Every structure is written in structure tokens, then in C-alpha cells.
Amino acid sequence: MKSFAYSPLPGCVVFGAGRLREVAKEAAALGIRRALILCTPEQRALTEQVVSLLADSSSVAVAGIFDKALMHVPIETVREARALAQEWGADGAITLGGGSTTGLGKAIALASGLPILAIPTTYAGSEMTPIYGITEPGLKKTGRDPKVLPRTVIYDPELTLTLPAGLSITSGINAIAHAVEGLYAPDANPVNSLMAEEGIAALAKALPVLRKDVNDLEARSQALYGAWLCGSVLGHVGMGLHHKLCHTLGGTFNLPHAETHTIVLPHAVAYNQAFAPEAMARVARALGPAKTPNSMNAASAAQGLFDLAADNGAPTSLQSLGLTQADLAHALDLALQNQYPNPRPLEREALQALLQDAFEGRRPTV
Ligand code: NAD
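Residues numbered from 1 in each chain as written. Predicted model: local features only at pLDDT ≥ 70, side-chain atom pairs only at ≥ 80, totals over all residues. Heavy atoms only, no water.

(A) Fine view of the packing of helix H5 (residues 165-183) against helix H6 (residues 190-212). Between H5 and H6, the least distance of the axes is 9 Å, while the angle of their chain directions is 160 degrees. Viewed along their axes, H5 and H6 adopt a mutual orientation that is roughly antiparallel. Crossing geometry of H5 relative to H6 is assigned as left-handed. Note on element contacts: H6 touches H5 through Ser-193, Ala-196, Ile-200, Leu-203, Leu-207, Leu-210 and Arg-211, opposite Ala-165, Ser-168, Ile-169, Gly-172, Ile-173, Ala-175, Ile-176, Ala-179, Val-180 and Leu-183. Here the residues of the contact of H5 with H6 are counted per class, giving 13 nonpolar, 3 polar and 1 charged. (Axes fitted to C-alpha atoms, helices over the stretch in contact; angles between N-to-C directions. Helix = DSSP H or I, 4+ residues; strand = E, 2+ residues; numbered from the N terminus. Parallel < 35°, antiparallel > 145°, perpendicular 65-115°, else oblique. Left-handed = near helix turned anticlockwise from the far one by under 90°. Contact = heavy atoms within 4.5 Å. Nonpolar A, V, L, I, M, F, W, Y, C, P; charged D, E, K, R; others polar.)

Have a look at this one:
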């Protein structure tokens, strides 16, 4: 067995349908007396639910609601939210939403140290990590700081019932990407690898069910359980080529986060397949046997991931997101700029082929 180090991150996880009802109790347990509630404009209705739950408690008051969370956490939004948190005398933040909303809470915590109670409504996984990202003009800066790790996370699958089928599939595969890269990370450890395999398996089972019926609460629970495990892997171990490519594509060409992950993942896995055989065997095992006419034979990890997206109606080509052939050349140069840990070294020609396959949406051949 390889040697390893494992330092679990602190934090409390409360999981189950209907557990949003415990929001006041959990906020009070964190010492929050005046909560700043964060959401996107689209999720404003959900905050009203939380406001009425807090109104029933004598221990936690609502300091204010900031409903302008935006993708990529722009610095202007961060400045406005930080100023309001101070003006309203908030002593903690409740984030209600996907990675963009959790990200805004983290940006506030980075400056103030306010505790975060995160209530995720997608499968992105940010709630389980001490990683933050803030976009200043033209540049997304990311970093790690224990201050931004949410202290408590309430996972209530009922809150994901409104997530449209398309976003459920791509957000779920975004979560799987964390687990896949966690399995071959240089700092991988047996505990996170168990979580990764279980997380992939839970999502791979749940997503095809959700494609047919977004209201299936058992599948919603399985998917959110998988998202928790995959998010936890992201919080504990370093990511490789796939995350780097998605960061570059998302940041430079403003491509949508979950869709970009969904399209690139099978190709990043094909690129690494021969250099991380054990990890890939675990990914293929977690994805389960090939299920569709598209994949008659046992699928490799890369093919299984491609089929999971294609068979469930997710986009499979970067072209379909509006990227151009000229953008691709620029993306290649950016991806080669820094070396970073990855099972296979960065090779220009092979990377170019990877990006071209992702651009065209080809099923990997490995
Ligand atoms: P998102 O938070 O941007 O949400 C996408 C859209 O879905 C928004 O309009 C939102 O209002 C809507 N939405 C969210 N939940 C919904 C629900 N249950 N029902 C209906 N609509 C819903 O998307 P995301 O994919 O969750 O997060 C992406 C962002 O998170 C990216 O900026 C990414 O970089 C970041 N992220 C950060 C980390 C980290 O560790 N720091 C990890 C993962 C993702």
C-alpha cells in the first residue's frame, strides 16, 4: 500500500428530506444571532421559506437578504455584500443555492471570518471545500483558506426538486469530476478514494432516473448524497488536468461551469487513462456495466462518462457551447502555461487532440 496523509476537514453535515426545517437550530448552534441570507435572484422564493422558519425561532433573526449572487463571484458583488453584512450587523451567513451563492458567502467569510451555514441546491460541491474564487476584471483568483469552509451544511434533497433535468445531469457530472480527479491525485488517500467511488456510483445510478423524473425524491437523495461525497473529495485532495482545463475554458471564454465539466471530463480521463489504471478501474466499476445500445461492450472509464452524458441528453461538444476553433488554439496555449500535478505529463500534441475531441464531441476510443 502507498503511504498517505489524511487530515479530515471540520464541519457538520445534516442530511435528509425536510431537514431545512432545522435551519434555526443549526444556525443557533453556530452562534449565529443575526443571519445574512444569500441567494440568486431566481432563488428568492426559497429564502422566504427560510425567513419564516427563522421567524418561528426566538434565537436567530434575519439581518438582511442579499439576492444578487452571480456566477464567478464578481468583486463588485462581493464588495456590496460585504458592506451590507457590516451595515446590517450580521454575525453569520446562510447561503441558499448552488456554487455561485456558496462562493459569495465564502468571499464574505474570507474578509470577516463570519461562520457560514450552507444549504446547497445543486451538486457543485463548493460547500465542502475551503476553496474560494473571486473574479476581478478579467481574472478569477482562487485560493484556500480554512475561514471560508462552511461550518455546517444542510443537505435537503427536497430543495433540489426544482433543479431542471438538464442542469441536474451536468451538475451531477461536475460532481463526478471531483471524485475522478481525486482518485488519481498525488495526495489521494484511501478514505477519500472510498468516498470518491461511492459518490460516483450514487450519482451514476441517480442521474438516469432524474432524467426521466426530476421529482423522484429517492433519486434526488442519492444524487445529493453523491454530490456531498464528491464535494468532500474536492475539499481534501488536489485536482489535475481536467479541473485546470475547465477553469481555463470557463474563465477565459465564459463557458457555463457544469456543462464545460460534463463535456471535458471523458476526454481528460481518456488522456490520463493509461497513466492511472487503478483509479480508472475504480471509476469504471463505480459507473457500473454499460447500459445502452450506445455502449454494447464494457465501457472504459472515459467511455462510461461520455455515455452517461450523451445518454442523458447533456451537451457533449464544446462547439455546442459556442466555442470556436480559434478559441481552442488559445485554450491550448493557456493550458500549457503552467505545469501542475497530473498522472500524465502535459504533451502539446496529445492535449491538442484532447481539446479537438471535446470540441467535436467524439466518443473516446480507449
Ligand atoms: P450556480 O450556483 O451558478 O447556479 C446555476 C443556476 O441554477 C442559478 O441561476 C441558480 O439560481 C439556479 N439554481 C440553483 N439551484 C437551483 C434549484 N435547486 N432549482 C432551480 N434553480 C436552481 O451553479 P453551480 O454549478 O452550482 O455552481 C457553479 C459555480 O460554483 C462556479 O463558479 C464554480 O467555480 C463554483 N464552484 C466552486 C467550488 C469551490 O470549491 N470553491 C466547487 C464547485 C463549484
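After that view of the structure, there is still more to cover.
(B) Spatial organisation of the pattern of salt bridges. The full count for this structure, using the stated rule, is 14 salt bridges. Between Arg-19 and Glu-22 there is a salt bridge, and its shortest N-O distance comes to 2.9 Å. (Salt bridge = Lys/Arg side-chain N within 4 Å of Asp/Glu carboxyl O.)

(C) Broad picture of the domain arrangement of the chain. Partitioning the chain into domains gives domain 1 (12-160) and domain 2 (165-360). Taking only C-alpha atoms, the centre of domain 1 and the centre of domain 2 are 26 Å apart. The interface of domain 1 with domain 2 comprises 21 residues on the first partner and 25 residues on the second. Carbon and sulfur atoms supply 68% of the area that domain 1 and domain 2 bury against each other, a total of about 1800 Å² over both sides. The largest per-residue losses of area from domain 1 upon contact with domain 2 belong to Phe-15, Tyr-123 and Met-128, which jointly make up 35% of the total buried on that side. Joining domain 1 to domain 2, the criterion identifies 5 residue pairs in polar contact (both at pLDDT 80 or more). (Domains from an automatic or database assignment. Buried area = accessible area lost by both parts, 1.4 Å probe. Polar contact = N/O pair within 3.5 Å; in protein donor to acceptor, adjacent residues only side chain to side chain.)

(D) Seen up close, helix H7 (residues 217-236). With 20 residues, H7 should reach 28 Å at 1.5 Å per residue; the first-to-last C-alpha distance of 29 Å fits that figure. The buried fraction of H7 is high, at 15 of 20 residues. Taking the backbone nitrogen of Glu-218 as reference, a side-chain oxygen 3.1 Å away marks Asp-216 as the first, capping residue of H7. (Expected span 1.5 Å × (residues − 1). Buried < 20%, exposed > 50% of the residue type's maximum accessible area, 1.4 Å probe, protein only.)

(E) Highlighting the nonpolar core. Grouped together as the largest cluster of nonpolar side chains are 52 residues, with contacts concentrated most on Val-180 and Ile-200. Here this core gathers at least three residues from each of two domains, domain 1 (12-160) and domain 2 (165-360). The residues contacting Ile-200, other than those within four sequence positions of it, are Ile-176, Ala-179, Val-180, Leu-183, Cys-230, Val-283, Ala-286 and Leu-287. Counting residues in hydrophobic clusters, the runner-up holds 24 residues, among them Leu-241, Cys-246, Leu-249 and Leu-346. (Core = buried A, V, L, I, M, F, W, Y, C linked by side-chain atoms within 4.5 Å.)

(F) The sheet that holds strand E4 (residues 92-97), seen in detail. Ordered by their spatial adjacency, 6 strands build an open sheet running E1-E8-E5-E4-E2-E3, and the pairing between neighbours is parallel. Looking at strand neighbours, the two that pair on one side only are strand E1 (12-15) and strand E3 (61-66), the edges of this open sheet. Direction aside, the axes of adjacent strands within the sheet are offset by 20 degrees on average. Sheet topology places E1 next to strand E8 (residues 152-155); 4 bridges connect them, and they run parallel. When the sheet's bridge partners are listed, Val-13 is paired in E8 with Val-153. (Pairing = 2+ DSSP bridges.)

(G) Region of the structure containing the site of the ligand. Near the ligand there are 23 residues, and of these Thr-40, Ser-100, Thr-121, Thr-122 and Thr-129 occur at the shortest range. Side-chain polar atom of Gln-43 to a nitrogen atom of the ligand: 3.2 Å apart, as the coordinates give it. When the ligand is considered free in solution it has 860 Å² of accessible area, and contact with the protein chains removes 83% of it. If one sorts the elements of the shell around the ligand by residue count, helix H4 (residues 99-112) sits on top with 3 residues. If you count residues domain by domain, the shell around the ligand takes at least three from each of domain 1 (12-160) and domain 2 (165-360). (Near = heavy atom within 4 Å. Areas by Shrake-Rupley, 256 points an atom, 1.4 Å probe, with all protein chains shown as cover.)

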